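What follows is the residue order along each chain.
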Amino acid sequence: MKTTYLSVFDVEKDAENINKAGAAIAGGKIVAIPTETVYGLAANALDENAVKRVFEAKGRPQDNPMIVHIASFSDLSLICDDIPKIAKKLADRFWPGPLTMVVPRGKRIPSSVCAGLDTVAVRCPSHKVASAIIRASKVPVAAPSANTSGRPSPTTASHVIADMDGKIDMIVDGGASDVGLESTVLDITASPPRLLRPGGVTPDEIQSVVGEITIDKAVTEKIDPRKPVRSPGMKYRHYAPRAPITIVDGAPYKTAKYILSVCDRSDGVLCFDEFKDMFRYTFCVSYGPYGDSAKQAFCLFDALRSFDETDVKRIFAQAPDASGVGLAVSNRLRKAAGFSSVTAPRMRVIGLTGRSGSGKSEASDVMESLGAVILDADRIYNELTSSSVEMRNELSARFGDIYLDSGNLDRAKLAKIVFSDASALSDLNLIAHKYVVDVFKARLSDLREKGEVCAVIDAPLLFESGADALCDIVLGVISKRSLSMERIMLRDKLSEENADMRISSQPDDEFYRNACDIIIENNASISKFHDEVASFYKNFILTRGDFANV
Ligand code: TXA
Ligand code: MG
């Protein structure tokens with residue numbers, strides 16, 4: 001079939017196109033039209049044959065009823081013979097606009113429009129083009145969203161073309177839909193009224209007009225598709241891109257860090273604008289700022305569709321705040337995910353240790369690039385030697401005049417003292433470890449507060465300092481002595497003899513193999529080492545999480 005394209009951006013200037021679209025609908029044709037929520041596939045609701053073709057074009061299950069669109073409240077009597085009283089109250093407040101009411105089905109409406117139900121869903125769109133086309137057609141207009149069944153609803157004419165070109169008679173382009181998500185569906189044959197699908201009109205707004213309403217379970221939970229449901233549309237996986245989605249629940253910073261920790265380059269990420277920069281190496285689409293549900297509603301379907309233009313294998317999505325219009329955003333995203341979600345776990349602490357030159361810092365760089373925050377024991381010790389008055393006093397009391405006039409520690413002098421005297425070295429460690437571990441504790445508590453997913457304590461003397469007690473797991477990096485020596489001679493410009501001395505003063509492989517929970521050897525290529533560290537890290541974050549459902 002050849003699809004005709006028309007555009008209407010100004011209802012008066014483009015009146016001819018409005019009339020063409022209206023006449024086509026009245027004559028039994030299928031026309032995609034813009035509405036303020038999403039694009040709809042419009043057909044004459046009184047023409048069973050046209051209605052049948054809409055089901056076919058969408059590939060829609062026959063048991064999923066359609067919404068009938070009218071141009072004003074007075075037309076409701078064409079569709080419903082026994083109009084519930086609160087319909088008028090709701091219409092006065094929300095029509096024209098994105099609220100659909102489920103009312104008893106009038107005799108004129110064919111049963112196939114409503115998939116055999118004795119109720120019918122009705123809405124009066126506020127979009128000027130939709131309204132003008134419905135008026136021009138002079139019939140009630142059945143219009144489901146203009147997507148292939150199961151795919152995200154279209155919010156632009158090009159989305160409609162992607163799904164419907166060649167399958168329907170006409171597409172009317174009227175620009176992007178304002179709301180971006182389908183209408184709120186409220187069953188007013190139930191008492192109290194029941195929210196079947198959240199949308200641009202929020203539960204609070206409805207309650208301010210009609211008092212208490214109930215929210216159907218299917219809005220927030222996966223339901224058993226074999227059981228009868230109040231709104232058949234709710235039981236299908238919906239709005240879904242081809243790759244499976246996992247929603248990550250939790251505060252936004254934490255969920256972003258969690259996704260960064262577990263995703264691979266072949267994955268896609270759906271995040272809030274604020275976190276887009278975190279995901280430079282994965283295909284990432286943002287869907288508005290965290291605090292702006294209306295913007296998220298506007299962007300969501302387009303964002304979901306954009307994953308289909310890539311070959312991402314999995315999609316991780318930051319969970320939106322589900323209040324106000326956010327309930328609709330959350331509902332669509334959860335349906336797209338088939339309600340698959342995980343909760344970002346409590347912060348984990350990885351201890352990282354090994355001899356000099358083993359590749360510990362490489363390992364810490366890899367974990368940092370995956371979102372971990374690194375607490376480097378050597379760096380903290382060096383900072384403390386000048387910033388902590390208490391530590392300085394303790395060091396001076398034990399080792400004498402070891403501070404320069406500038407206030408900095410005279411490292412050479414201290415080194416001389418401790419390397420020739422084992423008890424001096426052990427005293428230095430006792431003092432230093434106490435202060436460094438206190439800093440670890442304070443920083444870990446700040447990082448937890450901030451919502452970090454993982455901290456790495458990078459410490460050559462992790463066990464000796466007792467910092468291993470702060471860790472959930474300890475990773476030891478070991479490498480052949482000859483390789484370690486080469487590395488430190490190059491890095492620290494040491495002679496062979498000094499490098500040998502340094503390594504000899506440190507524990508042997510056996511020590512690390514016994515004390516650490518996991519060992520990674522760094523003897524082959526650097527990229528293999530990186531891959532092994534990354535895979536340990538991701539695995540650890542994934543499997544040690546407190547997950548809701550994996
Ligand atoms: O914003 C919208 O409502 C868009 C635009 C085009 O108006 N239309 C739309 O239609 O989203 P559709 O067919 O994609 O979704 C209709 C929803 C489905 O979940 C369906 O199950 C429900 O409304 N529905 C229709 N008639 C119903 C009825 N009699 N009782 C309960 N739910 C009904
Ligand atoms: Mg739909």
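Further up the page is the structure itself.
Overview of the overall build of the protein
Then, in step 1: Regarding its fold elements, the protein presents 19 helices and 21 strands.
Then, in step 2: Relative to its length of 550 residues, the protein is extended, with a C-alpha radius of gyration of 32 Å against a globular reference of 24 Å.
Then, in step 3: Along the first, second and third principal axes, the C-alpha set of the protein runs to 100 × 50 × 45 Å.
Then, in step 4: Taking the intrachain contacts of the protein between residues at least 6 apart in sequence as the baseline, contacts between residues at least 24 apart amount to 70%.
Then, in step 5: For the protein, the computed accessible surface area is about 24,100 Å², with 50% contributed by carbon and sulfur atoms.
Then, in step 6: Positive and negative side-chain charges of the protein, numbering 68 and 73 respectively, have mean locations separated by a distance of 6 Å.

What about the packing of helix α13 (residues 411-419) against helix α14 (residues 422-450)?
Then, in step 1: Orientation of α13 relative to α14, taken along the N-to-C sense of each, is 125°, at an axis distance of 6 Å. Judged by the angle between their axes, α13 and α14 are oblique. Along its contact with α13, which presents Leu 414, Ile 417 and Val 418, the element α14 presents Ala 424, Leu 425 and Leu 428.
Then, in step 2: Residues that form the contact of α13 with α14 fall into these classes: six nonpolar, no polar and no charged.

Some details on the sheet that holds strand β10 (residues 194-197)
Then, in step 1: Taken in spatial order, the eleven strands line up as β1-β8-β2-β3-β7-β4-β6-β5-β9-β10-β11 in an open sheet, and their pairing is mixed. A single partner strand is all that each edge strand has here, and the edge strands are β1 (4-7) and β11 (214-215).

Section: unusual backbone geometry
Then, in step 1: Note the cis peptide between Trp 95 and Pro 96, where omega equals -10°.
Then, in step 2: If you trace the backbone, Pro 96 turns up in the loop between α3 (85-94) and β5 (99-104).
Then, in step 3: With an omega dihedral of -5°, the bond running from Ser 191 to Pro 192 counts as a cis peptide bond.
Then, in step 4: Turning to its location among the elements, Pro 192 is positioned in the loop between β9 (184-187) and β10.
Then, in step 5: Of note, Phe 339 is a non-glycine position whose phi angle comes to about 60°, a positive value.
Then, in step 6: As for its placement among the helices and strands, Phe 339 is situated in the loop between α9 (326-336) and β16 (341-343).
Then, in step 7: Of the residues examined, Phe 339 reaches a relative accessible area of 17% and is grouped as buried.

Notes on the pattern of salt bridges
If charged atoms from side chains of opposite charge come close, those side chains can pair.
Then, in step 1: Taken as a whole and judged by the stated rule, the model has 28 salt bridges.
Then, in step 2: Here Asp 472 ties to Arg 346 by a salt bridge, and the two come within 3.4 Å at their closest N and O atoms. Taken together, the positions of Asp 472 in the loop between α15 (462-465) and β20 (473-478) and Arg 346 in the loop between β16 and β17 (348-354) put the pair 126 residues apart, joining distant regions of the chain.
Then, in step 3: As a salt-bridge pair, Lys 450 and Glu 452 come within 3.6 Å of each other at their nearest N and O atoms.

Describing the environment of Ile 526
Then, in step 1: Relative to the helices and strands, Ile 526 resides in helix α19 (residues 526-543).
Then, in step 2: Each C-alpha atom of the pair Ile 526 and Asp 427 lies 37 Å from the other, and the pair is 99 residues apart in sequence.

Thoughts on the pairing of β5
Then, in step 1: In terms of burial, β5 is largely enclosed, as five of its six residues are buried.
Then, in step 2: Bridge count for β5 against strand β6 (residues 119-123) is five bridges, and the pairing is antiparallel. Looking across to β6, one finds that Thr 100 is bridged to Arg 123.

Let's talk about the sheet that holds strand β21 (residues 518-521)
Then, in step 1: Spatial strand order, β18-β19-β17-β20-β21: five strands in an open sheet with parallel pairing. Both edges of this open sheet fall to β18 (373-376) and β21, since each of them pairs with a single strand only. Pairs of neighbouring strands in the sheet enclose a mean axial angle of 25°, with direction left out of account.
Then, in step 2: In the sheet, β20 pairs with β21 via four bridges, with the strands oriented parallel. Residue Ile 478 lies in a different strand from β21, and its bridge partner there is Glu 521.
Then, in step 3: On the sheet, helix α11 (residues 377-387) packs against β18 and β19 (454-458) and is oriented at approximately 55° with respect to β18.

What counts, and at which threshold
- Residues numbered from 1 in each chain as written.
- Chains lettered and ligands numbered in written order.
- Predicted model: local features only at pLDDT ≥ 70, side-chain atom pairs only at ≥ 80, totals over all residues.
- Heavy atoms only, no water.
- Helix = DSSP H or I, 4+ residues; strand = E, 2+ residues; numbered from the N terminus.
- Rg over C-alpha atoms; globule rule 2.2 N^0.38 Å.
- Contact = heavy atoms within 4.5 Å.
- Areas by Shrake-Rupley, 256 points an atom, 1.4 Å probe, with all protein chains shown as cover.
- Lys, Arg positive; Asp, Glu negative; His and termini not counted.
- Charge placed at Lys NZ, Arg CZ, Asp CG, Glu CD.
- Axes fitted to C-alpha atoms, helices over the stretch in contact; angles between N-to-C directions.
- Parallel < 35°, antiparallel > 145°, perpendicular 65-115°, else oblique.
- Nonpolar A, V, L, I, M, F, W, Y, C, P; charged D, E, K, R; others polar.
- Pairing = 2+ DSSP bridges.
- Buried < 20%, exposed > 50% of the residue type's maximum accessible area, 1.4 Å probe, protein only.
- Salt bridge = Lys/Arg side-chain N within 4 Å of Asp/Glu carboxyl O.

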